[in-house]
Structure formats: C-alpha cells, structure tokens
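An overview of the molecular structure
One letter stands for each residue in the lines below.
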Amino acid sequence: MKIAATYIRVSTDDQIEYSPDSQRKAILAYAERNGYTVPEALIYTDEGISGRSTKRPAFQQMIGTAKQKPRPFDVILVWKFSRFARNREDSIVYKSMLRKQCGIDVISISEQLSEDKTAILIEALLEAMDEYYSINLAEEVVRGISEKARRCGAMGKPAFGYVIENGVYTPDPEKAGIVQHLFADYTAGVPIRTLAMRLNATGIPTSSGGKWDNRTVEYLLRNTTYTGVMH
C-alpha cells in the first residue's frame, strides 16, 4: 500500500471555503478507496493563510519532509490544486521539484486528471484559473472597500470619539468633546505627553481600553477620519 501525505489549506481570501475538517474527511475517504495509507504525522494544515505565497509553515514543513531520503511518502493529496497554491509560478516550481527530484506526485481528489498528455494542458488551465480567481477576488475586495469609503460607510473599529450607527461613523456624544479639546490644546502648544497625562488622570481610556501615551495621542491627532477623509 502506498503512503500519502495530505495538505489542507483554508484562507481568509476565499469567498467559499471547504473547512479543514471537511477537506480532511474527503481526502481520507479518497485515500481509502484508492489504496493509500495516510499517517497522522503526514497530515499538514495551514489555516487563514493565502495560497498566493509559499510562506506557509505546514507547507514548507511538508516540502522539507518530501526531500528526505529515503522517500517518506509517494503522493501528496489535496482537495483542489488551489489548496496547494494559487500562484502559477509557485505551483509549477514545487510540483516539478516534487515530481522530478523526489518522485512524489501531487493529486487533486476533486479534479481528476487523465494519464495521457492532455493532463498537462488541463492542469495548466486549472492553475491559471486558480491564480485568476485569486487576483480577481483581491481586486473586487479593494473595489468594494473603496466604494464603501466613498459613501462614508463604516469600515472596521471606529476612531476614538465615534460610534457606528446605521453603518456610518457618528460622533459619540460622550467623547466627541474630548477629541475637540485635544485638538484645541495641541494647536495651542500643549505637548503630546501632557495631553496623554491629562487623559490618564481623568480616567478616560483609549478605544481599546488601555492607557494613553505619546504614540496613541499622536495617532489620534494624525487620524484623517477627523477631517472627513476615509481610507
């Protein structure tokens, strides 16, 4: 019986994810049907990491193991080739190295390839589609965020002195005045350190609930949200 390693990856870049547990179950079921043994030590998982880069701990650990002599496993099973990589160059380099130098194949259990020469074209097409999907998704995300900013929609945690109401930043009636006083005192020449000390003396915490220091006060004073500019 042949030995197989499995590589499982999910990222925050993908709109539709197949959970690590679901990938694992599907891969192990495929392995059992096709005569592969998958030792627990050879199940590699990266969570919350994009496939656009190979700087993935479990991925690199798997590649390092694959280079050992004698060969530690015969194949790498993945749910889809996109789990292995979403960058064509990386995909080609690592698959070529594994197949030619290590004698280890990379098999997608949901994208079965034939054993004739047409498999080369189909795999290349799948790699190109995976990279296109990743690039296109990134562009769509940026476009969506930009449009939300143009409409002054709230994005992330509000700046100190603001709250989110109906999806937009709205001045916090309890803290807006504090921000105004800070800007007035700073333009009057009060040092940033003194401003931080005053805030701490009154018991007013930062947005994260911590103490004020030079850095947090300076960040507030430089935050363009207070000028009406959204990034």
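Quick summary incoming for the structure in this document.

About the criteria used
- Residues numbered from 1 in each chain as written.
- Predicted model: local features only at pLDDT ≥ 70, side-chain atom pairs only at ≥ 80, totals over all residues.
- Heavy atoms only, no water.
- Helix = DSSP H or I, 4+ residues; strand = E, 2+ residues; numbered from the N terminus.
- Contact = heavy atoms within 4.5 Å.
- Polar contact = N/O pair within 3.5 Å; in protein donor to acceptor, adjacent residues only side chain to side chain.
- Pairing = 2+ DSSP bridges.
- Phe/Tyr/Trp six-rings, centres within 6.5 Å; stacked < 30°, edge-to-face > 60°.
- Buried < 20%, exposed > 50% of the residue type's maximum accessible area, 1.4 Å probe, protein only.
- Lys NZ or Arg CZ within 6 Å of the ring centre and 35° of its normal.

Bringing the environment of T225 into the picture now. Along the chain, T225 turns up in the segment after α8 (214-222). Considering only alpha carbons, one finds T225 and Y169, 56 residues apart in sequence, at a separation of 9.4 Å. Contacts of T225, omitting those with residues within four sequence positions, involve A159 and Y162. A distance of 2.9 Å separates the side chain of T225 from the side chain of N223, its partner in a polar contact.

Looking now at the pairing of strand β6 (residues 162-165). Pairing of β6 with strand β7 (residues 168-171), which is carried by four bridges, proceeds in the antiparallel orientation. Each bridged residue has a counterpart across the sheet, and for Y162 the counterpart in β7 is P171. Linking β6 to β7, which pair antiparallel, is a turn of two residues; within it N166 sits at a positive phi near 55°.

Further remarks concern the packing of aromatic side chains. Across all of its chains, the model carries seven aromatic pairs by this definition. Consider the rings of F59 and F84, whose centres lie 5.2 Å apart with planes at 70°: the pair is edge-to-face. Remark: F84 occurs in helix α3 (residues 81-84) and F59 occurs in helix α2 (residues 57-66); sequence separation between them is 25 residues. Among the residues examined, F84 registers a relative accessible area of 0% and is labelled buried. A network of ring pairs unites the aromatic residues Y7, F59, F84 and Y94 as a single cluster. When the ring centre of W79 is taken as origin, the NZ or CZ atom of K80, which lies over that ring, is 5.2 Å away. Seen from the ring of F81, K95 lies directly overhead, with NZ or CZ sitting 3.8 Å from the centre.

The next point concerns the pairing of strand β4 (residues 75-78). With burial as the criterion, each face of β4 is covered, one bearing V75 and L77 and the other bearing I76 and V78. Of the strand pairs in this sheet, β4 and strand β5 (residues 105-108) are connected by four bridges, and their pairing is parallel. Within the sheet, the bridge partner assigned to L77 lies in β5 and is I107.

Everything listed here is a matter of geometry and, on its own, says nothing about what the molecule does.
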